[in-house]
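Residue-level structure breakdown
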Amino acid sequence: MAALFSTLPFADKSSLMMMMTTIGVLNVAVSVNNDHNSKNRETADVVSGNGSKPFPWDKMRLPKHVIPVHYDLLLHPNLTTLTFTGFARIEITVNQQTSSVILHSKHLQITRATIQRRMGNSHTEKEVMVLEYPPFEQIALLAAFPLHVGQNYTVIIEYSANLSESFHGFYKSTYRTQEGEVRLLASTQFEPTAARMAFPCFDEPSFKARFSIKIRREPKHLALSNMPIVKSVNVANWLVEDHFDVSVKMSTYLVAFIVSDFKSVSKMTTSGIKISVYTVPDKINQADYALDAAVKLLDFYENYFSIPYPLPKQGKSAIPDFQSGAMENWGLTTYRESSLLYDPEKSSASAKLWITMIIAHELAHQWFGNLVTMEWWNDLWLNEGFAKFMEYVSVSITHPDLKVEDYFLGKCFDAMEVDALNSSHPVSTPVEDPAQIQEMFDDVSYEKGACILNMLRDYLNADVFKAGLVQYLRKYSYQNTKNEDLWNSLAHTCPAGGTQESQLQGDGFCTRNQQTSSSAHWTRREILDVTTMMNTWTLQKGFPLVTVTVKGKNVHLHQEHYMKGSDSSPSTGYLWHVPLTYITSKSDTVQRFLLTTKTDVLILPEEVEWIKFNVGMNGYYIVHYENDGWDALISLLKENHTAISSNDRASLINNVFQLVSIGKLSISTALDLSLYLKHESQIMPVFQGMNELIPMYKLMEKRDMDDVENQLKGYIVNLFKDLIDKQSWNDEGSVSERMLRSSLLLFACARKYQPCVDKAEEYFMKWKKSNGTLRLPNDVKTAVYAVGAQTIEGWDFLFSKYRLPWFNTERNQIEVALSISRNKDKLQWIMDQSLLGDVVKTQDLPHIIVFVAKNPSGYHLAWKFLKENWNKLVQKFELGSPSIAHMVIGVTNQYSTREQLAEVKIFFNSLEEKSSQLRCVQQAVETIEENIRWMDINFEKIKIWLQNNM
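Residues numbered from 1 in each chain as written. Predicted model: local features only at pLDDT ≥ 70, side-chain atom pairs only at ≥ 80, totals over all residues. Heavy atoms only, no water.

**Remarks on the nonpolar core**
The criterion, for reference: Here the nonpolar core consists of buried residues drawn from Ala, Val, Leu, Ile, Met, Phe, Trp, Tyr and Cys, with membership extended through side-chain atoms lying within 4.5 Å. Relative accessibility decides the category of a residue: with a 1.4 Å probe and only protein chains considered, values under 20% of the type maximum give buried, values over 50% give exposed, and everything between is partly exposed. Only heavy atoms matter for contacts: two residues are in contact if any of them lie within 4.5 Å across the pair.
Among the nonpolar cores identified, the biggest contains 317 residues, and F199 and F613 are the most heavily contacted of them. The contacts of F613, once residues within four sequence positions are left out, are V548, V555, L557, L580, T581, Y582, L602, V623 and Y625.

Here it is, written out as structure tokens:
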């Protein structure tokens, strides 16, 4: 699954879903009828596990006594009554004699259940009692006879349910046509634990099986599923039954089906796979870019993995209501519309980058996740870390113009932000219930997972790494794996010696920022097996801080656990195997040193003026340079910043501010380094500079420190003034140049830099005068809309356009502009409308709340809204989901007073334990505590520094 990230560089991340159900108790015994089309249906008798008969299983995970082999499913959704009926035949294998079958079911009304025993050509079918245990979302089928090992049985269950009103399970979605008609469709989202909301099943990743799916629909609708349709049968004049081909062996969370009136466009890949993009009819003209990208990317993956894509087709559907970014259902990937649809005339450069990356992510999952699946959700990173990593590997080859490798280190910075907190978790972490599973869909699983894989590839070299991956995929195809299975596929692999940079760049990604090529080597005698090394990165939380002290030709190294917090004394027992890389003032040849102990010393061939570790930010660690090490690097940046790569410059900016947070450096040193940004023009150092400096005044905004806050804002604007003034108000240039332009102009206008405001006002007035028909440059729209929305008249006009279907590609940009109004009534109204979901889609609510929370006029409103609507938000987005985490952290992470901290603690402590103990709540509290401590230490120092440097 692709977690939903905002396309704005400074926006926080957003996401997926999950909630817990209440216990409902019914009673009775189940009747038997072989005819699944029988009209004579009585409600099955379901006995609660806490009734007279005890539920025969007491664990959250299912027993392994019974294994599913094949599901035969028939589903009939009714888009008028918003209900569906289902019939499930599940062939099972018995591994251990038992008289009960335990499986998952959630919100399904079971009307009939039997177990069929096959003996040769004959079979017998017996009714069973159904017990229900809602806390674990399980049912038990109690047979009056034992199920014997080695015999064939089929479980038959007939049931009905309502289409879900949330974004998971088999759920309802709506869209509005250009004529204003509201149309309905039904779609699925099963990852991680919602297949059980559509059909009774063994809803855990390791219970792989084949699926034969039939869907009943009206003739005007189209049914889609993982496999192609093999035949359609007219059941009645008003009803068609589509039969889909038998699937490959797969996990339940990858099953998908859609009933809609979508249109499609299709193309064939080189190997004959049919790629189709499905969308609502009015948007089919926006499907071509995704189709072309998908063809290129599927061809790339088949070649890279040397394993053919195993299905005959790959469908991609843009769903009008969708919580995450996309979902990798095998053969039928589903997407949020903004993650798939691209209008060359109206879409921004960042949208093009975003869409390409999401498609690459989901197609990578067809191998990592679908073909080879983690055994349990504790190793989710084997799915998501790999898919995130492969986005960059693949797109750097298929779409070199996007230069995606320039943005990879930003993912590592994002991961480190949460991984530096005590509330972080190891990449591989034990989880049990659905809320805990949902919490795994975070930056640690995605971004950290990708970053440590990139570090491993840099360590082994690209060719060795790729060979290990192919071995892993081939060995475990259609199976489930654990952490150690991957490491064993790469085990005892010797890091490359004497490998030329051209080979390291075998797939064009890893070492783009190295200025020269030469031999790479590891200056350690021993060869370390991959398992030992990588366990230090996956089985413990956090990351190392490597302190470098240069004494003549000797470089003394020391590693410790980097952790923020007032009580973050150095952690004992944390040790990583760190593949260090470095360049010096004397040589831009990348040197390598494997640090496996707490301290070590490396010897340089000669003394140097400066040394820079973690070349290109390929390693997941930060570096502190003691003595005059930082002074030398700051002087280098001021005198000749292009002597090191733009990614190296971005990593220095990040590291210097992170060291301030733990008291290793003074804020004045970090601000001294920031002065060089006046001469910076590359996207990643500029973005990183803004990402470090802007939150500083954001903390002050919520403390009423106007004087210093305004001085700091003035300093940042002045720092980038020359670069802002150079920006043209058009769509010319590379993707990175266009993204830089869009962000700089939005920042300048938001900070009321007058030349920017004047230009944006001029554009907005002309656009308004044309009644929205004037074509604005795509990359300046957000800045223009943001300035225009500052007046009530402008806000109303902008919202009137937001409602129109031909502005659908600009909705994200308009939402940003509407959310940064200073009018509190408007801010409250836009949040209320997002929750209602009529005019503003509820899928966009998490972003909108956070945008409002970043607004000095709206942060009180956003916090009040979150508190008052907590239960509704959990019901809609699910407890533990990234959407809930995005709102909790996004609303509170700029608080920096003890009063705000107390208020946040009081609210979450008032909730039931499952809510109050969420990891995102712990992260929010920790972040506020860190903000308070940071401001207490640094505010006066910032004030003095600004006085001396403005």
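**Remarks on the sheet that holds strand β21 (residues 332-336)**
Applied cut-off: Here the rule is simple: two strands pair whenever DSSP picks up at least two bridges between them. Starting at the N terminus, helices and strands are each numbered in turn, a helix being any DSSP run of H or I of at least four residues and a strand any DSSP run of E of at least two. Fitted lines through C-alpha atoms serve as axes, helices being fitted only where they are in contact, and the angles separating the N-to-C directions of these axes extend from 0 to 180 degrees.
Pairing is mixed across the open sheet formed by five strands, whose spatial order is β17-β18-β19-β21-β20. In this open sheet, the two edge strands, each paired with only one partner strand, are β17 (263-268) and β20 (326-327). The sheet strands contacting helix α2 (residues 349-365) are β19 (313-319), β20 and β21, and the helix crosses β21 at an angle near 150°.

**Focus on the state of the cysteines**
This is how the line gets drawn: Here, a disulfide means two cysteine sulfur atoms that sit within 2.5 Å of each other.
Per the counting criterion, the structure on display carries two disulfides. A sulfur-sulfur separation of 2.1 Å characterises the disulfide bridge that pairs C412 with C451. Between C412 and C451 the disulfide shows an S-S torsion of about -110°. By sign, it is left-handed. Of this pair, C412 sits in helix α4 (residues 408-419) while C451 sits in helix α6 (residues 443-460), and the two are 39 residues apart along the sequence. Like C412, the residue C451 is buried in the burial classification. Two residues share a disulfide in this structure: C749 and C756, whose sulfurs sit 2.2 Å from each other. Where C749 bonds to C756 through sulfur, the torsion about that S-S bond is close to -90°, and the disulfide is left-handed. Neither residue differs from the other here; C749 and C756 are each classed as buried.

**Side note on the domain arrangement of the protein**
In many analyses, interface size is given as the accessible surface area lost on bringing the parts together. Just so we agree on the cut-off: As used throughout, domain bounds are those supplied by an automatic or database domain assignment.
Looking at the assigned domains, one finds that the protein contains domain 1 (49-261), domain 2 (263-476) and domain 3 (542-665). The C-alpha-based centres of domain 1 and domain 3 are spaced at 54 Å.

**A closer look at the UniProt feature "active site" (unreviewed entry) in the protein**
Rules: UniProt positions are given in the numbering used here, feature names are shortened, and annotations may be inferred rather than shown by experiment. Contacts described as polar in this section are N or O atom pairs within 3.5 Å, which, within protein, must combine one atom able to donate a hydrogen with one able to accept it, while residues neighboring in sequence count only if both atoms come from side chains.
Feature annotation in UniProt places "active site" (unreviewed entry) on E362, given in this structure's numbering. Mapped onto the elements of the fold, E362 is located in helix α2. Residue classification places E362 among the buried positions, given a relative accessible area of 0%. Aside from chain neighbours lying at most four places away, what touches E362 is M1, A2, A326, M327, E328, T333 and Y335. At a separation of 3.1 Å, a polar atom in the side chain of E362 contacts the main-chain amide nitrogen of A2.

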